[in-house]
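# Observations on the three-dimensional arrangement
Listed below are the residues making up each chain.
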Amino acid sequence: MHHAGRIHSLETFGTVDGPGIRFVLFMQGCALQCAYCHNPDSWDTKGGQLRSVDEILAEIEPYVPFYKRSGGGITVTGGEPTLQAPFVAELFEKCKERWGLHTALDSSGFCDPYHAKRLLDATDLVLLDLKMIDRAGHEHLTLQPNDRILAFARHLSDAGAKMWIRRVLVPGWTDGLSELLALGEFIGELNGVEKVEVLPYHRMGVYKWEQLGRAYRLEGVSEPSPDEVERAYRLIEQGKRAAKAAR
Ligand code: SF4
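Residues numbered from 1 in each chain as written. Predicted model: local features only at pLDDT ≥ 70, side-chain atom pairs only at ≥ 80, totals over all residues. Heavy atoms only, no water.

## Brief notes about unusual backbone geometry
Glycine aside, the phi torsion of most residues is negative, and most peptide linkages are trans. A cis amide bond links Gly-78 to the next residue, Gly-79, at an omega of 10 degrees. Its place among the elements puts Gly-79 in the loop between β4 (73-77) and α3 (85-99). With a phi angle near 70 degrees, Leu-143 is a residue other than glycine that sits in the positive phi range. Looking at where Leu-143 falls in the secondary structure, it is placed in the loop between α5 (135-142) and α6 (147-159). (Helix = DSSP H or I, 4+ residues; strand = E, 2+ residues; numbered from the N terminus.)

## With respect to the site of the ligand
The full set of residues close to the ligand is Cys-30, Leu-32, Cys-34, Cys-37, Ser-42, Trp-43, Gly-79, Ser-108 and Lys-131. Most atoms of the ligand, that is more than half of them, are within 2 Å of grid points of the largest pocket. Counted by class, the shell around the ligand contains five nonpolar, three polar and one charged residues. (Near = heavy atom within 4 Å. 1 Å grid on protein atoms, 1.4 Å probe; cavity = no way out; pocket = protein on both sides within 12 Å on 5 of 7 lines; lining within 4 Å. Sits in = over half its atoms within 2 Å of the grid points. Nonpolar A, V, L, I, M, F, W, Y, C, P; charged D, E, K, R; others polar.)

## Considerations on the layout of surface pockets
Where empty space is left becomes clear once a probe the size of a water molecule has been rolled over the atoms. Taken as a whole, the largest pocket spans an internal volume of roughly 810 Å³. Lining the largest pocket are 33 residues; nearest its centre among them are His-38, Thr-77, Asp-106, Asp-129 and Arg-166. Elements that contribute at least two residues to the lining of the largest pocket include exactly β1 (4-14), β5 (102-107), β7 (163-169) and β8 (193-200). Tallied by class, the residues present in the lining of the largest pocket amount to 13 nonpolar, eleven polar and nine charged. Leu-120, Asp-121, Leu-156, Ala-159 and Ala-161 are the residues nearest the centre of the second largest pocket, which is lined by 15 residues in total. Secondary structure elements with two or more residues in the lining of the second largest pocket: α4 (117-121), β6 (125-129) and α6. (Points joined across faces, edges and corners; volume = space filled by probe spheres on them.)

## Comments concerning the UniProt feature "domain: Radical SAM core" (unreviewed entry) in the chain
Under the present numbering, the feature "domain: Radical SAM core" (unreviewed entry) in UniProt falls on residues 16-241. For residues 16-241, helix accounts for 40% and strand for 18%, while the C-alpha atoms at its two ends are 27 Å apart. (UniProt positions renumbered as here; feature names shortened; annotations may be inferred.)

## Let's talk about the environment of Leu-105
With respect to the helices and strands, the residue Leu-105 is situated in strand β5. The sequence separation of Leu-105 and Thr-123 amounts to 18 residues, and the corresponding C-alpha distance is 6.6 Å. When sequence neighbours within four positions are dropped, the list of residues in contact with Leu-105 reads Val-76, Pro-81, Thr-82, Val-88, Phe-92, Leu-119, Leu-120, Thr-123, Leu-125, Val-126 and Leu-127. (Contact = heavy atoms within 4.5 Å.)

## Here we look at the side chain of Glu-197
Structurally, Glu-197 can be placed in strand β8. A relative accessible area of 13% means that Glu-197 is categorised as buried. Of the polar contacts made by the side chain of Glu-197, one reaches the side chain of Arg-166; its length is 3.0 Å. Beyond its immediate stretch of four places on either side in the chain, Glu-197 contacts Trp-164, Ile-165, Arg-166, Arg-167 and Tyr-233. (Buried < 20%, exposed > 50% of the residue type's maximum accessible area, 1.4 Å probe, protein only. Polar contact = N/O pair within 3.5 Å; in protein donor to acceptor, adjacent residues only side chain to side chain.)

## Topic: the state of the cysteines
Counting across every chain of the model gives zero disulfides. Unpaired in terms of disulfides, Cys-95 finds its nearest cysteine sulfur in Cys-111, a separation of 20 Å. (Disulfide = S-S within 2.5 Å.)

Printed below as a string of structure tokens:
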């Protein structure tokens, strides 16, 4: 079956979303409304451009040698890519069949694992954003609860998936002492986590909120310093060690 996908944009030379040099496909549509989102124009599930799997494969093809030589591959992000799971599954399957490309799925985890089963079978690495462990804090930040996301993380762990866990560090929002320890503890209880990345909050997408006429909720929040990022790594590590010791 051939699926069309709603695409927000693409990048042919991505270096921050998974290992090596990567083709990065941004899918349209997201059900969260993270206060720090730098792509609020990707939320509308009816926006973007409809493209076929074959059209995307043709975009990837010229660069395949670069991706392979660098130990890279393809990353599908968003928006939220699991909202279009059948399209992404077909794309990943074809990338593997044709070129043996490494596939990474960058997801908020706001997804029913059974809905994404075929997609997960074709995924080599999940980049999972754990935005907040604290339930109320998560709802405040994203306007959605996090139960489904934490359940998705546990499902990946049980299914033997490889994961990189990511946390966007927003001073005063996602960087509290107990929150970062709890994140570390949660990660320490999972299998398959190969890496933890703290991504400093940045303000590069603020102009998009203005263009869309949306009120930006992080007005006045500054980007974290290298020391604050370092502290976050330390606290997460401390939480992980505590969880591992208790296992
Ligand atoms: S999950 Fe990603 S795309 Fe969706 S609102 Fe949050 S940051 Fe934006």
